[in-house]
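So the chains spell out like this:
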Amino acid sequence: MSAGRLSRVARVSATVFGLTAGVFLLALVLLTVADVGGRSLWNQSVLGTVDISTLLLVAIAFLGLASAELDGRHVSVAMLEERLSRKRRVVLSAVRAVLLAGIGLLLVWGLADVLFSAVDRGETTNDILRLPTWPAKLVLFVSFAAFFVAAVAKEIQELRALRRNQDQEANR
Amino acid sequence: MTTMTLIALVVVVVLFLTLLAIRFHVGLSLMLAGLVGVVLLRGSDAAVSTVSNQPFSTAADYSLTIVPLFILMGVLAVNARLAQAGFDLASRVLRKLPGGTALASLSGSALFAAVTGSSVATVATMARVSTDAIVKAGNGIRLAAGVVCAGGTLGVLIPPSIVLVLYGVVTDENIGHLLLAGIGPGLLTVLAYAVTVVVVATRERRRAPVPAGTAGGAVDGSDREPVTPPKLDLTGFGFLVVIFLVSIGTIYFGVATPTEAASFGAMAALVILLIRTRPPRWLSSIKNSIVEAVGLTAMTFLLMTGAGVFTYFLALSGASTALVNAVLAADLAPYLVLGLCLVLLLPLGMFLDGISMILIAAPLLHPILVGYGFDGIWLGVLIVKVAEMALITPPVGMNAFVYSGSVPEAGLGRIFRGIVPFIVADIVVVALLVLLPDIVTFLPYLSSA
Amino acid sequence: GPAGEDDTFVLHYTTYSSPTSDQSKAVQRWAEEVEQRTDGGVTVRFHYSESLVDADEAVRASQDGRADLAQVGSIYAASDLSMFTVIELPFETNNPEVQMTAIMRLYEENQTYREDFERQGVRFLFPIPLGNAVLGTNRPVESVDDLRGRSIRSGGLMSEVMLAVGANPVAMTANDIYESLERGVVDGYTALAVANLSTFGLAKTTRYLTDPGVGAYSSSIVVVNEEVYQSMPDRYQQALQAASDNSIANGLEEMDAAAGTACAELKAAGTEFGAFPEDQVADWKERADIAESWVARYEQKGYDARSVLEDYRRIIDEETPRSDYRAPLAACMKGEVR
Ligand code: NA
Ligand code: NA
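Here the residue numbering is sequential within each chain, running from 1 through the sequence in written order. Just so you know, chain letters begin at A and ligand numbers begin at 1, following the order they were written in. For this predicted model, a pLDDT threshold of at least 70 governs which residues receive local features, and a threshold of 80 or more governs which side-chain atom pairs are given and counted, while totals over whole chains, interfaces and linings are taken from all residues. Water and hydrogen atoms were dropped before computing side-chain values, which therefore reflect all heavy atoms in the structure.

- Chain B is annotated in an unreviewed UniProt entry as TRAP transporter large permease of Actinophytocola gossypii.
- UniProt positions are given in the numbering used here, feature names are shortened, and annotations may be inferred rather than shown by experiment. UniProt annotates chain B under Subcellular location (unreviewed entry) with the comment "Cell inner membrane".

- For chain A, the name recorded in an unreviewed UniProt entry is TRAP transporter small permease, with Actinophytocola gossypii as its organism.
- For chain A, the Sequence similarities (unreviewed entry) comment in UniProt is given as "Belongs to the TRAP transporter small permease family."
- Recorded in UniProt under Subcellular location (unreviewed entry), the annotation for chain A is "Cell inner membrane".

Listed below in structure tokens is the structure:
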């Protein structure tokens, strides 16, 4: 897959995931309001609010990773790099791309393992509803996969832009 | 500590700093450095398990639902132009003072922090809107960064505070007393920060007076009026008060726990956004708000996940235990030991968030310092205060990172330079708490008498 | 791995308990004894309050090498050590010592129960007592029916027990109880034992404390990674077992001490004590019918859960006459000083 195609896929999935997380977040708000309202007015809670909310939070927490990456929200320390020559910045960008791909593969592979294990063991939450955890773990897997695709694609784009500028400088 | 542990520690710290230096994601740098450390100490199986289980175990925590909910509430309030209304009013009221808008932001942080108890959520929410208002009013981005990052730390002292509760749990100190004990020092910190804002803004103005025509708001006490004074949006300010009353009122009238109250705040903000937006734009304004809130949330949780892996490595290495033992072995005077213990917390804050720091440090420091005769409640407030300071001290502090995520143009260097005066204010506060322990213990012991 | 030079082992122990809790103190005593018996060959590095791994990951962490030893709470064990959760069933015994002995004997006597541990790659070492469930409320409750319509903080199977009498179970962490009770978010709490009350600031603030008759409702155990255990020389393995044999007595002693402190605080605060009548408790047990749904849930997953429940009940019947242990809340109400 070309980097351009990769980043288009990343962009679309990032948007879809971000909106899904947003819907979950609104659901979390409504669920809590219903639970507290029921408890205060009729002494009747929504059974399993904590179970459901906790799993919703796992999805909300990470589904937005890819869109946060593409919007440049993730934090990094730029102080040192600004002082380097373009050639060195190209090297650093390549190092970052390799590191991202490396840790990305490791984490996505590990998350898949965690997902399969949750399915195998029939893992559930520990409160009253005993909800299966695998859907949340599937969301984690997908979120991190999309995030690393987006991050690597973005880094490769930056690398290319840097090298283009380098060539232009050399031709000048 | 074995040679291997020592080697692992050096490798991990060097690796982490190197990764930061090559502009790698901070969250992933923490994760990668921690991962390598765990490989060295426990082998690759344990390392891979640690990293793979961390995202779920970080986020599968009901009490953390407060993070996305308050972020959402903040984003909705901004998009409903409420924050702007609040700042305009506060700036108008405080305009005779230098740095009036920054003071308005500080009051915003204090109110917000009082409800959330989360540094990170406060900073994430206040960062964008405060910075825009403060810069528009003619102050530098450094002041904005300083006041927002430092303002975030207020939430942990002013109750409700998750961090103070956790201190109580790991040390067996009375949780109710701890929460009351946080009030005095919290207000004292607000006062110290306000003085800092006035001093910094005054010096800023002396150096570079605001050029006429660029400032949107009035910031100075001179006779120069702004070109277009902000139109006061009193309805907007009223709605802001409503959100505050809904989220804090549900707690104080016993309707909801602080965690649950966050949902009410977000719900109120959502309704107000709908009231203040024309129906054809409803969908797009909700969509924009939730996407922004979800992005900020993801960034925050990735940091927490990385910190989680790093925390696991630190706990495994026993590095903190070794440090404390070294202090004990030196056989020093009580106040010197206290000082050293507190100073030792600061580098921990390079890598850890407030909660992890308390979970690792409090069980170590509490027995030693109580053994030296210090009051456990007072100690708790002091340790939590310093742990929060660690979140804003350079070269690495969680609050500064989160701020930089919301306001990318600020740059970490400038952010930390902006924070320095507030660290000075914090040092003064800590000194006062040591000299006058009654500031801490007055309320709890009054309540139990 | 934990093996060091010259046959020494440093075992990393992960727990959700705080260092000063009665449960941690029991494990500290175990660790001291192990260290003594092995002449320092085996030492334990404590990681309290989930500072190493989360409570619900304890079993997997001690299997995959993130930890060597772990405290596993029964409320966190539903997925990993399902059969161990039989000891959570309410109304089975009011004697924590009997519950401890049953946890140990099931490991020896019931194949299904033991296989769970083997599948997870961990070895059971010893149980840690928690005690009987108490019910703290801000208004008096004289009969089981008084619970109807009240919001009670609860958790795990205790929530189902509460539902059976029309109470409204509210899930929240133990840390949140103090403020929620003060502000009236909930009317009361359960799924705690007397020994826990001081830790969460409840011993000085609870106005009415009732023995609901539910009995031992939860517990925890300490497990060790099986491979690590097998890699140890015989004399170390024997040392671990010998220390484990003493740990029920030690655990009860530490729990009684914590409960004694709480009892004194409760009395100083003027707490009113009470207990539900036996016939109402019996009726409650029948209505809740939790044991049968426990069996059904795990039979569906392919466990011979019936045999585990039957053995648990048989052991309780055998052990109850042998024990003269009196649970802390009963002792506190009777004014016995420990
Ligand atoms: Na707070
Ligand atoms: Na710091």
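Moving on, there is more to tell.
## Describing helix α19 (residues 398-406) of chain B
Argument step 1. Along α19 of chain B, 9 of the 9 residues are buried, which leaves the element largely enclosed by surrounding structure.
Argument step 2. Per-residue accessibility, obtained with a 1.4 Å probe over protein chains only, is compared with the maximum for each type, and a residue is labelled buried under 20%, exposed over 50%, and partly exposed between these values. Secondary structure elements follow DSSP: runs of H or I of four or more residues count as helices, runs of E of two or more count as strands, with numbering from the N terminus. Within the span of α19 of chain B, buried status applies to Met398, Asn399, Ala400, Phe401, Val402, Tyr403, Ser404, Gly405 and Ser406 of chain B.

## Digging into the UniProt feature "transmembrane region" (unreviewed entry) in chain A
Residues and elements named next belong to chain A.
Argument step 1. Mapped onto the present numbering, the UniProt feature "transmembrane region" (unreviewed entry) falls at residues 12-34, 46-70, 90-112 and 132-153.
Argument step 2. Helix makes up 84% of residues 46-70 and strand 0%, and the two end C-alpha atoms of the span are 37 Å apart.
Argument step 3. Its end C-alpha atoms 34 Å apart, residues 132-153 is made of 91% helix and 0% strand.

## Remarks on the interface of chain A and chain C
Argument step 1. Contacts were defined at the residue level, with two residues in contact if any of their heavy atoms lie within 4.5 Å. Listed by partner, the interface residues are 15 residues for chain A and 26 residues for chain C.
Argument step 2. Considering only the surface of chain A that becomes buried against chain C, Arg121, Asn126 and Arg130 of chain A emerge as the three largest contributors, covering 37% of it.
Argument step 3. By salt bridge we mean one thing: a side-chain nitrogen of Lys or Arg within 4 Å of a carboxyl oxygen of Asp or Glu. Counting the contacts that link chain A with chain C gives 2 salt bridges.
Argument step 4. Of the charged contacts in the structure, one is a salt bridge between Asp80 of chain C and Arg121 of chain A, with a shortest N-O distance of 2.2 Å.
Argument step 5. Between N or O atoms, a polar contact is any pair within 3.5 Å; within protein, one atom must be a potential hydrogen donor and the other a potential acceptor, and residues adjacent in sequence are included only when both atoms are from side chains. Counting every contact that joins chain A to chain C gives 7 residue pairs in polar contact (both at pLDDT 80 or more).
Argument step 6. Classifying every residue of the side of chain A that touches chain C gives 3 nonpolar, 6 polar and 6 charged. Values labelled buried area give the accessible surface lost by two parts on being combined, using a 1.4 Å probe and summing over both. Polar here means any residue other than Ala, Val, Leu, Ile, Met, Phe, Trp, Tyr, Cys and Pro, which are nonpolar, and Asp, Glu, Lys and Arg, which are charged; Gly is therefore polar.

## Focus on a positive patch on the surface
All names here are of chain B.
Argument step 1. Here a patch means residues that are over 30% exposed by relative accessible area and free of salt bridges, tied together within 9 Å if like-charged and within 5 Å if nonpolar (Val, Leu, Ile, Met, Phe, Trp, Tyr). For every accessible area listed, the method is Shrake-Rupley and the probe measures 1.4 Å; residues are considered covered only by the protein chains on display. The charge count includes Lys and Arg as positive and Asp and Glu as negative, but it does not include His or the ends of the chains. Charged groups are reduced to one reference atom each: NZ for lysine, CZ for arginine, CG for aspartic acid, CD for glutamic acid. On the surface, Arg142, Arg203, Arg206, Arg207, Arg414 and Arg417 cluster together to form a positively charged patch.
Argument step 2. Of all the secondary-structure elements, those providing two or more residues to the positive patch are α11 (183-207) and α20 (412-435).
Argument step 3. Sort the elements by how many residues they give to the positive patch and α11 lands first, with 3 residues.
Argument step 4. Residue position: Arg414 is located in helix α20.
Argument step 5. Using a relative accessible area of 35% as the deciding quantity, one classes Arg414 as partly exposed.

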